[in-house]
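Each chain, letter by letter, is given below.
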Amino acid sequence: MSRRDPRKGLTMIGATPGLRVKQLEVKTRKNKGRTRSRLVQVPIKPSNVTSPINSSCLSTPSKHSRSPSKPHFRFAHDEANADDMNPPPLEPLRLPRKKTQNDYIREWIHHKEDLLRIMLEMEAPPSPRNCARCGKDGVYRCTDCMHQLLLCTDCCRLVHNVHPFHRIQQWTGEFFQEAALHMTGLKLQLGHDGAPCPSAIIGQQGPQSGGRLNKAAMDIEGGPLPMNDEQWEDIDEIPLHLRPPSGSKYLTVIDVTGVHFVLVEQCQCEGADSYHLQLFRAKLCASTFEKPSTVFTFAVLDDFLRDNLECGTSGMNYYSKLRRLTSNVFPHLVPNRYRELLRLARQWRLLKLLKWNGFKQTMDRPSQGDLALFCAACPQPGINVDPTDDLNDWKFTRTVVMDGNFKAEHMHEKRPDDQVWLMDGRGFMVTHPPYQAYLKATPHITEKSTCNNHRAISQANISRGKLRSTGIGATACARHGCFYPHSVVDFQKGERQLNMDYSLSNALSHNMMGIANVLCFYDINCSYMKNLRKRVDNSDFLHIPSSLRIIPGIGIWHVHGHKEECYARYAPLFIKGSGWVDGEIIETLWSILNVVSSSTRGMSSPHRQELLDFQMNDSNFMKMIRIVEHLSQKLKAARISVTMAREAFKKLDEAVPSSHRAAWHIQEQSALSGRVQDVSVMDIFEIQLKKEAPTIRTIELKLLEATSQPGVQRGAASWLTRGLEIEEAEIMLSITRKECGKFPSEIKRLAMARRADRLASERSRFVADGQIYMEPLNVGALSDEHEDYVNVPEDDARHDSGGGDIFPEDEDSNESADEGIEMGAPKMSTISHLPLPSNVGVDRCHAAGVHALLDMELQLRIGQANDALHGLRLALADKAVVFRGVVRQAKSYSTRTRAWQIVNSIDSSVKQHAAIYRRCREAMIALGADVDTLSRFQELLNSHLTVDTAAFTQNAHSHRSSNLPWFWSIDIPRDTTSKSWLTEFYRIHWLRAKAVKDRWEEEEELLASEFQWAINFFKYRARKWNEKCVSCKVAGLLGAASYAARQKAIYEQLAEQGATKWQNMNPYMLQ
């Protein structure tokens, strides 16, 4: 019999003993507010009791088998009445695999002929060819109406009284050809809810009947403007649907369905609105106000703005699409209203922004930035933060990021003095006249960078003659990526400091009342922030309160292009209160803005400003409506990361002696507190691997200065050192040969031959001198007895660093994050056998009486191993930094090639140091090194040549769970007592691990606060719209009151969604 799982209510389908069976379970998960379910197979242990199974449960599942409502398994009560109690062994059920796109296309291929047949059948009228409404002779059909019903002329006109912009076709007797609704006598009635105006009917009866025309009717008494004779030169050759009505008052209407000629009858009642206002009430925007002949529907203007925002569609391309919609065969015969589209789009943008922001009358003139939407989650006292709170707390720090965009270029204008500014300074771009006055009054002072030669500084004075503006500079919130209102400036030459000063000054004046701290990220902050206060104090146009504490930072990707000390001083990992932020979010905003940047290149300055403002406002709007989901995802990730970071730091902290822990904690607190006054105090976070371990030179000097030992010739230490140097040179030459491949160039072959010749000469002299120091032994014969083999990493076909083994977690190693960098598998390469004590052997040296040389070589080998490990650490760290800071930043093919040459050069260094160390350890073993020495200098495996870049780069997930190779993290308490250079490394690793833990803890706390601030922002906006609704009702503005009520409901819904999301994420926390 079958068993029923009481928890899931599903039957566990059994079989004969020993048969492995599976249980079907319904798994559900939520994704973006939707609940999805699927069936999964869960293996269960075989049961000793068989279960009856109906053969139908093993049938092939249908396409709906993934639905929980139609599972392919049996319930227990269905099997209770089964007759067959001994079923044969059955195979476990198999769930259907998920269909791919190719599967659906294969299904479509079988139906394509039927689909094509129906498409062709739709080209002919139905039989009999009667009107679908009245039964008369059918002539027209509408391509925009459902089912494309065949209609007579009268029915077609009546049906389309409320759809005057549909496209119709006319039956010619053989085929359907394009037609127009005005051919059916359709007229657009303005006023009276689409019914004919009674005054117009009286007026048509003549003066005898007392009819008269008001001023609005007299405005269009002469009919539309005359047709362009050049455009309609051969009117007989123009298709019927493209011919305007002759002798009638008509309008050229541009709609999403194309260009139409529509007969219009306006309202002629006494006191009626003017003609263009009547058109506007019919959702038609007139291109002119005196005798308008062209109008645009609200729908087409909204569609154009939406296409421009999402797809970057230019006005020329959009109108070209409308012309093809009108006539795909004769688009060139469709009237060209491109210039009118651009003009109406400018006006429509302003009207939409005024409406969205609640400006209903001319007396409510918006001020600077009033038509711009700002971030919902940034702290704004009086809006989403209580002004009575302690705003000096680190949580209320404003985090901003500045950057320049050189894609938003602007050419010189033909008539710069003839401009009409519709919203100058009301959005995100700064007001034009004050900005120009600031530029004229402020001289640009070229400051020499003390850091690397950054492009933002070196190209600050580069001017391009054909461009009025070389780009734009902006300030945005660094945590959520929202542009600051009234802070976007134009560049006249390059990215000069005076331009960014103006942007920052305006950004820090937006809703900053009471905010005491600002964290500012900028690519060149190491140079920019040095004289910021001086520049602000010397300008009459800039204002940044002296009490405002500005903390400089550099984005995590750009900081690696700076000098080494800039990382600890400006990287966000070491900035207290920054949370887990990268400081690079503005780079993602440029990609959104660049969608329209190319089309703004040749626009007038006001038009360009309006388009960029609208694009940035839409970007902020999309951030606002998605902020709750964005914060919830980040908060979930932060809670996981906090746990991991705490565990990683706890393991490291427990192994550190208490004396070191206390000293390091004091260093950290002192640096963080003094950072604003002097960033150089942050250098304590920088890795400073000082070579305090005894090097081979130190040991050689010690041996030379020591009292000579009995039986040892003076100069033996130098002779042994020469032997070790020859071995190193031979190892390096062997690696070079492997890197050159099987077919090196003639120049490389010549260089290697010269090196080999010099080594042979040095080897001969070394063997000759060996007769002095190892006289009892025949060193000449010893050198020819056998060859020694040393592990040397070979460069395989992928060349290690360029292949997939370097970054195994990513598909493309060239673009992946550096989780680890490792070398290829080593192979054997021959190295000549020198007459060193380690090669001669301990027994033979003791027998010959030169056993003192054994201890000398062992000491030198320890120094050589220290040098090799030190070089290996530096090379691995250098490789990690170069890969992230150079390779990933390379944009062009040539730059990327040069960057990989640097990485390959470092690879060669890693291989050399690794091979030298392995040779040292082999020699130590041969020399009889004790257990303590060999436990310290362990075997070096290929897996050890993987560098954990978290110690050198921030924001890598491996930093939270890094497992350092033995030569990085030998037993801490013992080594910190004996080796001060290793203590330095552990100090840096401890400080950085603690910084990661602190930043993640700050991130979790910040996200929780930002969640509440976002909810408070929505509630604030709902209250403001409610106040507007009440005031509009009092003033009798019912339309404005209705719109305000709708906006209020939207923000209340956003606030409710945020509160629900927060409650679901914190079920045990009171809101």
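Notes on the structure follow.

In space, the 5 strands of this open sheet follow the order E9-E11-E10-E13-E12, with mixed pairing throughout. Of all strands in the sheet, those with a lone pairing partner are strand E9 (187-189) and strand E12 (284-286), marking the two edges. Averaged over all adjacent pairs, the angle separating strand axes in this sheet is 45 degrees, with direction ignored. In terms of strand pairing, E12 meets strand E13 (residues 294-297) through 3 bridges, oriented antiparallel. Across the sheet, Cys285 pairs through a bridge with Phe296, a residue of E13. Against the sheet, helix H9 (residues 315-326) contacts strand E10 (250-255) and strand E11 (258-265), and its axis sits at roughly 75 degrees relative to E11.

Within the open sheet, the 5 strands sit side by side as E18-E17-E14-E19-E20. Their pairing is mixed. This sheet does not close on itself; its edge strands, each paired only once, are strand E18 (489-491) and strand E20 (549-553). Averaged over all adjacent pairs, the angle separating strand axes in this sheet is 25 degrees, with direction ignored. Two strands pair when backbone bridges link them, and strand E17 (residues 471-477) and E18 are joined in this way by 3 bridges, in the antiparallel orientation. Note on E18: the bridge partner recorded for Gly471 is Phe491. Contacts from helix H13 (residues 497-507) reach strand E14 (398-405), E17, E18 and strand E19 (517-521), with the element oriented near 30 degrees to E17.

With that settled, consider helix H11 (residues 432-441). Among all positions of H11, only Tyr435, Tyr438 and Leu439 are buried. On an axial view of H11, the arc spanned by its buried residues comes to 100 degrees, and they lie on one face. In H11, the exposed positions angled more than 90 degrees off the buried face are occupied by Pro433 and Lys440.

We now examine the packing of aromatic side chains. All told, the structure shown has 26 aromatic pairs when counted by the stated rule. Each ring, one from Tyr522 and one from Tyr528, has its centre 5.2 Å from the other, and the planes form 85 degrees; the classification is edge-to-face. The two residues Tyr522 and Tyr528 agree in class, both being buried. Measuring from centroid to centroid gives 5.1 Å for Phe1011 and Trp1062, while their planes differ by 45 degrees, and the two rings are tilted. You can see Phe1011 sitting in helix H31 (residues 980-1035) and its partner Trp1062 sitting in helix H32 (residues 1038-1065), a full 51 residues away along the chain. Side by side, Phe1011 and Trp1062 carry an identical accessibility label, which is buried. A connected cluster of aromatic rings, assembled from ring pairs, spans Tyr435, Tyr438, Tyr502 and Phe541. One residue, Arg141, lies across the ring of Phe176, its end atom 4.0 Å from the ring centre.

What follows covers the side chain of His260. Along the chain, the position of His260 falls in strand E11. For His260, the side chain forms a polar contact with the side chain of Arg167, separated by 3.4 Å. A polar contact of 2.8 Å, which involves the side chain of His260, links it to the side chain of Thr257. Residues in contact with His260, not counting those within four places in the same chain, are Phe165, His166, Arg167, Leu251, Thr252, Val253 and Asp255.

To continue, consider helix H20 (residues 658-673). With 16 residues, H20 extends 23 Å from end C-alpha to end C-alpha; this agrees with the ideal 22 Å at 1.5 Å per step. For H20, the set of buried residues is His660, Trp664, Glu668, Ala671 and Leu672. Angular distribution of buried residues about the axis of H20 spans 95 degrees; they occupy a single face of the element. Among the exposed residues of H20, those oriented more than 90 degrees off its buried face are Ser658, Ile666 and Ser673.

Rules used in this analysis
Residues numbered from 1 in each chain as written. Predicted model: local features only at pLDDT ≥ 70, side-chain atom pairs only at ≥ 80, totals over all residues. Heavy atoms only, no water. Pairing = 2+ DSSP bridges. Helix = DSSP H or I, 4+ residues; strand = E, 2+ residues; numbered from the N terminus. Axes fitted to C-alpha atoms, helices over the stretch in contact; angles between N-to-C directions. Contact = heavy atoms within 4.5 Å. Buried < 20%, exposed > 50% of the residue type's maximum accessible area, 1.4 Å probe, protein only. Arc of directions from axis to C-beta. Phe/Tyr/Trp six-rings, centres within 6.5 Å; stacked < 30°, edge-to-face > 60°. Lys NZ or Arg CZ within 6 Å of the ring centre and 35° of its normal. Polar contact = N/O pair within 3.5 Å; in protein donor to acceptor, adjacent residues only side chain to side chain. Expected span 1.5 Å × (residues − 1).

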